[in-house]
Amino acid sequence: MPELPLRPPFTLRARLLSPRQDGSVLHEPDGLVEVDASGRLARVGAWRDSDGHASVVDLRPLVVMPGMVDLHVHLPQLPNAGLGAGLDLLTWLETHIFPLEGAYDRARADIEAPAAFRALAAAGTTTVVAYAALWADSTDAAFAAAEAHGIRAVIGKVMMDRGSYDRAIDQRRILETSLAQSDELASRWHGRDSGRLRYAFTPRFAVSCTADMLRESAGLAVHHGAYWQSHLSEDRGELEQVAALFPEATDYLDVYDRAGALGPRSILAHAVHLSPREVGRIVESDARVVHCPASNLFLASGMMPLAAYRAAGMRIGLGSDVAAGPELSLFSVMRAGAVTQRALAATAAAPPDGIVDPLGWLRTATLDGARVLGIDGDTGSLETGKEADLIAVDPRLTAPLPGAGTPADPEDLVSRLIFRPHPDMVRAAWVRGRLLAGPPGVDGIG
Ligand SMILES: [Zn+2]
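Nothing here was measured: the structure is a model prediction, and the numbers come from that model.

This part is about the overall build of the protein. Helices and strands together make up the secondary structure of the protein, namely 15 helices and 16 strands. Here the C-alpha radius of gyration of the protein, 21 Å, is about what a compact globule of 446 residues would show, namely 22 Å. When the backbone C-alpha atoms are referred to their principal axes, the protein occupies close to 70 × 50 × 35 Å. Pairs at least 24 residues apart make up 76% of the contacts formed inside the protein by residues separated by at least 6 positions. Carbon together with sulfur atoms contributes 53% to the accessible area of the protein, which is approximately 16200 Å² in total.

Set out below in structure tokens:
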């Protein structure tokens, strides 16, 4: 295998697979991707013999695809991924998460955040939306790590003014302190590197925030033109607590609606147990939803009725939700999602329409994720004019037997990648044509 290009411009020859904006699928068994000096895709299409020249990097039989868009990760929680199986959300938070998050100080973030971005790139993720911890300095360190690594990242400092794991802070100052720190972080990082880094105001969820915190954070997000992210309707125990804490609200979503927090820059994770009213209001407000099926199965939170949400017109992308989700790989998350929808279909009196096929899952993990963030003009698919956010995947590692061959049909190929993902199958990842640290590379593979 040749040397991987470190920065643009470069030209790759490989098998290409990508959703397209118009709803079709690009599949070129022998294709070409040309990245210009600015890191944008100048040409995507079939290889022609007339294209042959010395500077082309031939990656065949690897598959070049758009990078994954992971819309929900908790950076401080990564060390506990896979722990706490069998617990429910609120117990798991108390036993496995809040102590770990509380200890995510600057020193830990300086070590763990760079490692987290390398691990995300190794999983094939080129755009990540992440929660940091309550601490402004470790959030700042996470941004600095993302800036240096090259990944496309939306990050926010977690905000909690109820049940906080910050035991030291004066309760009377907790709201203003959290708002001021978040405001300052957004001023410093939102839009950095021509929009590669962005800020998300991040009130954890309704259980740990007062109405004041929700409203003020939503106002700041509008002021900065930044995102606003939180959790919504994940677990039944959580729903009971929210109903008790906000008796004036019609339902869970109404808590955020009353805060003025719903709109196209609102990113709501989980949304498993929604009423028809909530589904309609999310669509009407154009708020965005993150489906985290691996997490939802791990904590037995529930199974999202994805087909019904889609039919209603909801904009949905995927999240790993590590550490409630055990793995960063969105290929594993797609598998959990597919299994969930199959289980729903198997137990429903009338199986829902619109069960997602493998290429549909790939679209959800890439282009739909970019649409959730409103950046699908820049990333999410291999299309001319977009930025070169790419991964190169070795499908041979997913073969059930050595030498069993790689499916020629694109639907079958993606089915393999989803149902038999290999931890080393993503060999390289680029954002804007810059090679990211993390994936193992192509040395030694033939
Ligand atoms: Zn979460």
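From this point on, the discussion continues.
Turning to the sheet that holds strand 14 (residues 390-393), a few remarks are in order. With mixed pairing, the seven strands of this open sheet are ordered in space as 3-2-1-4-14-15-16. One side of each edge strand has no neighbouring strand; the edge strands of this open sheet are strand 3 (41-46) and strand 16 (434-435). Here strand 4 (residues 56-66) pairs with strand 14 via four bridges, running antiparallel. Following the sheet pairing, P66 is matched in strand 14 by L390. Along the sheet face, helix 13 (residues 358-365) touches strand 1 (10-19), strand 2 (25-35) and strand 4 and points at about 115° away from the line of strand 1.

The step from P8 to P9 runs through a cis peptide bond, and the omega angle for that step is 0°. Residue P61 is reached from R60 by a cis peptide bond, and omega for that bond is 5°. The phi torsion at D193 lies on the positive side, around 55°, for a residue other than glycine. A relative accessible area of 33% places D193 in the partly exposed class. Even without glycine at this site, S233 takes up a positive phi of about 50°. Tracing the chain through its elements places S233 in the loop between strand 10 (227-232) and helix 7 (236-245). Residue classification places S233 among the buried positions, given a relative accessible area of 0%.

Where two aromatic rings form a pair, the distance of their centres and the angle of their planes describe that pair. Considering all chains together, one arrives at eight aromatic pairs under this definition. Centre to centre, the rings of F143 and W189 are 5.1 Å apart; their planes meet at 5°, and the pair counts as stacked. Here the residue F143 occupies a position in helix 3 (residues 136-149), and W189 occupies one in helix 4 (residues 174-189), the gap between them amounting to 46 residues. Residues W228 and Y256 carry aromatic rings whose centres are separated by 5.3 Å and whose planes lie at 75° to one another, so their mutual orientation is edge-to-face. Within this pair, whereas W228 is found in strand 10, its partner Y256 is found in helix 8 (residues 252-258), the two being separated by 28 residues in sequence.

A separate point is the packing of helix 13 against helix 15 (residues 410-419). Running from N to C, helix 13 and helix 15 cross one another at 65°; their axes reach a closest spacing of 8 Å. Helix 15 is crossed by helix 13, and the crossing has left-handed handedness. Along the contact surface, helix 13 presents P358, L359, W361 and L362, while helix 15 presents P410, E411, V414, S415 and I418. Grouping the amino acids of the contact of helix 13 with helix 15 by side-chain chemistry returns seven nonpolar, one polar and one charged.

Moving on: helix 13. When you tally the buried positions in helix 13, you get eight out of eight residues, the bulk of the element. Turning to helix 13, its buried residues number three or more, namely P358, L359, G360, W361, L362, R363, T364 and A365.

At a closest axis distance of 10 Å, the pairing of helix 12 (residues 330-347) and helix 13 adopts a crossing angle of 125°. Here helix 12 lies oblique to helix 13, going by the angle between them. Helix-helix and strand crossings are classified by hand; for helix 12 and helix 13 the assignment is right-handed. Two secondary-structure elements touch here, helix 12 through L330, M334, G337, A338 and Q341 and helix 13 through W361, L362 and A365. A class-by-class count of the residues in the contact of helix 12 with helix 13 yields six nonpolar, two polar and no charged.

With respect to burial, strand 10 is a largely interior element, six of its six residues being buried. Covered by surrounding structure in strand 10 are Y227, Q229 and H231 together with W228, S230 and L232, the residues of both alternating faces. In this sheet, strand 10 lies alongside strand 9 (residues 197-203) in parallel orientation, the contact comprising two bridges. Across the sheet, residue F201 finds its bridge partner in strand 10, namely W228. At this point the chain moves from strand 9, through helix 6 (residues 211-224), to the parallel strand 10, and the crossover so formed is right-handed.

Attention now goes to the environment of S138. Here S138 lies in helix 3. Note: C-alpha distance between S138 and T398 (260 residues apart in sequence) is 37 Å. Apart from residues no more than four positions distant in its own chain, S138 is found in contact with Y104, D105, R106, A109 and A133. In this structure the side chain of S138 is engaged in a polar contact, spanning 2.8 Å, whose partner is the backbone oxygen of Y104.

Of the residues making up helix 15, those classed as buried are P410, L413, V414, L417 and I418. Projected down its long axis, helix 15 shows its buried positions confined to an angular sector of 130°, all on one face. The N-terminus of helix 15 is capped by D409, whose side-chain oxygen sits 3.1 Å from the backbone nitrogen of E411.

Within the fold, V339 resides in helix 12. Owing to a relative accessible area of 43%, V339 belongs among the partly exposed residues under this scheme. A sequence separation of 73 residues divides V339 from D412, and the C-alpha atoms of the two residues are 16 Å apart.

What counts and what doesn't
Residues numbered from 1 in each chain as written. Predicted model: local features only at pLDDT ≥ 70, side-chain atom pairs only at ≥ 80, totals over all residues. Heavy atoms only, no water. Helix = DSSP H or I, 4+ residues; strand = E, 2+ residues; numbered from the N terminus. Rg over C-alpha atoms; globule rule 2.2 N^0.38 Å. Contact = heavy atoms within 4.5 Å. Areas by Shrake-Rupley, 256 points an atom, 1.4 Å probe, with all protein chains shown as cover. Pairing = 2+ DSSP bridges. Axes fitted to C-alpha atoms, helices over the stretch in contact; angles between N-to-C directions. Buried < 20%, exposed > 50% of the residue type's maximum accessible area, 1.4 Å probe, protein only. Phe/Tyr/Trp six-rings, centres within 6.5 Å; stacked < 30°, edge-to-face > 60°. Left-handed = near helix turned anticlockwise from the far one by under 90°. Nonpolar A, V, L, I, M, F, W, Y, C, P; charged D, E, K, R; others polar. Parallel < 35°, antiparallel > 145°, perpendicular 65-115°, else oblique. Right-handed = clockwise from strand over helix to strand, strands pointing away. Polar contact = N/O pair within 3.5 Å; in protein donor to acceptor, adjacent residues only side chain to side chain. Arc of directions from axis to C-beta.

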